[in-house]
Amino acid sequence: MLDPARLRLLREFAERGTMTAVAEVCGMTSSAVSQQLASLEREAKVPLFERAGRRVRLTAEGQRLVRHAHIVLNALDAAEEDLRSASTPRGPVRVACFATAAVHRLLPAIAAARARHPGLHVIVYELEPREAVEALRNGSCDLGISFTYSLIPEEPPPGISRRLLGVEPILIALPAHHPAATGEVDLRLLREEQWIAGSQGTTDHEMLDRACALAGFRPNVIHTADDYALVLRMVREGLGVGLVPELVATVVGVPDGVVLRPISTIEITRTTHVLLRTATPAVNAVLELLGG
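What counts and what doesn't
Residues numbered from 1 in each chain as written. Predicted model: local features only at pLDDT ≥ 70, side-chain atom pairs only at ≥ 80, totals over all residues. Heavy atoms only, no water. 1 Å grid on protein atoms, 1.4 Å probe; cavity = no way out; pocket = protein on both sides within 12 Å on 5 of 7 lines; lining within 4 Å. Points joined across faces, edges and corners; volume = space filled by probe spheres on them. Helix = DSSP H or I, 4+ residues; strand = E, 2+ residues; numbered from the N terminus. Nonpolar A, V, L, I, M, F, W, Y, C, P; charged D, E, K, R; others polar. Buried < 20%, exposed > 50% of the residue type's maximum accessible area, 1.4 Å probe, protein only. Contact = heavy atoms within 4.5 Å. Polar contact = N/O pair within 3.5 Å; in protein donor to acceptor, adjacent residues only side chain to side chain. Pairing = 2+ DSSP bridges. Right-handed = clockwise from strand over helix to strand, strands pointing away. Salt bridge = Lys/Arg side-chain N within 4 Å of Asp/Glu carboxyl O. Core = buried A, V, L, I, M, F, W, Y, C linked by side-chain atoms within 4.5 Å. Patch = residues over 30% accessible without salt bridge, like charges linked within 9 Å, V, L, I, M, F, W, Y side chains within 5 Å. Areas by Shrake-Rupley, 256 points an atom, 1.4 Å probe, with all protein chains shown as cover. Lys, Arg positive; Asp, Glu negative; His and termini not counted. Charge placed at Lys NZ, Arg CZ, Asp CG, Glu CD. pLDDT = per-residue confidence, 0-100. Expected span 1.5 Å × (residues − 1).

1. Regarding the layout of surface pockets
Thinking step 1. Estimated volume of the largest pocket: approximately 440 Å³.
Thinking step 2. Around the largest pocket sit 21 residues that line it, and Phe98, Glu128, Asp204, Asp226 and Tyr228 are the ones nearest its centre.
Thinking step 3. Residue assignment for the lining of the largest pocket shows that the elements contributing at least two residues are helix 5 (99–116), helix 6 (129–137), helix 7 (203–214) and helix 8 (228–236).
Thinking step 4. By residue number, the principal contributor to the lining of the largest pocket is helix 5, which donates 3 residues.
Thinking step 5. Split by residue class, the lining of the largest pocket holds 9 nonpolar, 5 polar and 7 charged.

Set out below in structure tokens:
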């Protein structure tokens, strides 16, 4: 019989790569983690680890067991939650969500939940997509609403499934008086512009870099901002141009003096998904209200 607690440590090791990192996350010493994983190896009766220089790594058998661990641990979590929830959606559902989707989808779902499921309590955490995935993976959230760009395809990690919520185009935000603001915009005509991008390291910043690279130039990024309302106001003040999802017009509103135009050079889309580990009655109730 394989110990579930040790399987959780194995899953953490597969994600983080070192005993020290696992120990920090799990509140243990590195020695204790090593001893527990050694016990798991004896339970499994196959070698799970091998030396790679001064470090250890998973063997092929270890990687196979990690895949099984995701299934087993998610099933255990679902069983525990199901017993707590019975068949009636109740209790807290912790949802990690980025801001525009929270306004457009999550808040209306919460309002509907109050009427349909009085025992259900939705807790909101504003997190960016990669942070939401990590929150799901470590169990600090039950659902995540995330997005990917067509230019940066990403698959969820093992143990996490996703359901489609919607797809929207990426538009170019320009001052209303800009010469290119009359119709579809060829990005190549904007190679000399100053650009407003998401913070360095974000998918928004990477998406802009890739879009412009496909148009044959490197954007001259002068300003960075992660709040779309701020981006649009910076465009209005003539500080640069930027790429924004279509949903921004609905959630934030487009200020006077700014226009959003489609891009003719390349089709860029943002796909929104809801992510989950285990489908409990409470989680399923929120999924239904979200439309996932």
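2. Examining helix 2 (residues 19–26)
Thinking step 1. Looking at helix 2, one finds that the buried residues are Met19, Ala21, Val22 and Ala23.
Thinking step 2. Buried residues along helix 2 sit in contact with helix 1 (4–16), helix 3 (30–44) and strand 2 (55–58).
Thinking step 3. Within two residues after helix 2, glycine 27 carries a phi angle of roughly 70 degrees, on the positive side.

3. Quick word on the side chain of threonine 59
Thinking step 1. Here threonine 59 shows up in the loop between strand 2 and helix 4 (60–85).
Thinking step 2. With a relative accessible area of 7%, threonine 59 lands in the buried category.
Thinking step 3. A polar contact is formed between the side chain of threonine 59 and the backbone oxygen of proline 47, at a distance of 2.6 Å.
Thinking step 4. Apart from residues no more than four positions distant in its own chain, threonine 59 is found in contact with Pro47, Leu48, Phe49 and Glu50.

4. Here we look at the pairing of strand 4 (residues 120–126)
Thinking step 1. As paired strands, strand 3 (residues 91–97) and strand 4 are joined by 7 bridges and run parallel to one another. The residue of strand 4 that forms the bridge with glycine 91 is leucine 120.
Thinking step 2. In terms of handedness, the path from strand 3 via helix 5 over to strand 4 forms a crossover that is right-handed.

5. Some points on the environment of aspartate 209
Thinking step 1. As for its position among the elements, aspartate 209 is in helix 7.
Thinking step 2. According to the relative accessible area criterion, aspartate 209 is partly exposed, its value standing at 31%.

6. Overview of the pattern of salt bridges
Thinking step 1. Under the criterion given, the structure shown has 15 salt bridges.
Thinking step 2. Residue glutamate 43 pairs with arginine 6 through a salt bridge whose shortest N-O separation is 2.3 Å. In this pair, glutamate 43 is assigned in helix 3 and arginine 6 in helix 1, connecting sequence segments 37 residues apart.
Thinking step 3. Assessed through its relative accessible area of 24%, glutamate 43 is described here as partly exposed.
Thinking step 4. For arginine 6, a relative accessible area of 16% puts it in the buried group.
Thinking step 5. For glutamate 206, the salt bridge is made with arginine 130, and the minimal N-O distance between the two is 3.9 Å. In this pair, glutamate 206 sits in helix 7 while arginine 130 sits in helix 6, placing the two residues 76 residues apart along the sequence.
Thinking step 6. Using a relative accessible area of 25% as the deciding quantity, one classes glutamate 206 as partly exposed.

7. Some words on the nonpolar core
The nonpolar side chains of soluble globular proteins are, as a tendency, buried together.
Thinking step 1. Judged by nonpolar contacts, the single largest core of 62 residues is most densely connected at Leu106, Leu143, Ile145, Ile172, Leu174, Trp195 and Leu243.
Thinking step 2. A total of 7 residues in this core trace back to one element, the largest contributor, which is helix 10 (residues 281–290).
Thinking step 3. If near-sequence neighbours (up to four positions away) are discounted, leucine 174 is found in contact with Ala180, Ala181, Val185, Leu190, Val235, Val241, Gly257, Val258 and Val259.
Thinking step 4. If you look at the next biggest cluster of nonpolar residues, it comprises 17 residues, including Leu7, Leu9, Val33 and Leu65.

8. Quick word on the environment of arginine 191
Thinking step 1. Tracing the sequence through the fold places arginine 191 in the loop between strand 6 (161–175) and strand 7 (194–197).
Thinking step 2. By relative accessible area, arginine 191 is classed as partly exposed at 36%.
Thinking step 3. Ignoring any residue separated from it by four or fewer positions in sequence, one finds arginine 191 in contact with Ala215, Gly216 and Phe217.

9. Let's talk about a negative patch on the surface
Thinking step 1. On the surface, a cluster of negative charge is contributed by Glu126, Glu128, Glu131, Asp226 and Asp227.
Thinking step 2. Mapped onto the elements, glutamate 131 comes out in helix 6.
Thinking step 3. Judged by its relative accessible area of 43%, glutamate 131 falls in the partly exposed class.

10. Describing the confidence of the model for the protein chain
Thinking step 1. Mean pLDDT over the protein chain works out to 90, with 97% of the residues at or above the 70 mark.
Thinking step 2. At the low end of the mean pLDDT range in the protein chain sits helix 4, at 82; at the high end sits strand 7, at 97.

11. Considerations on helix 7
Thinking step 1. Compared with an ideal rise of 1.5 Å per residue, which puts 12 residues at 16 Å, helix 7 spans 16 Å between its outermost C-alpha atoms and is within 8% of the ideal.
Thinking step 2. For helix 7, every residue scored as buried is listed here: Thr203, Asp204, His205, Met207, Leu208, Ala211 and Cys212.
Thinking step 3. Looking one or two residues beyond helix 7, the residue adopting positive phi is glycine 216, at roughly 95 degrees.

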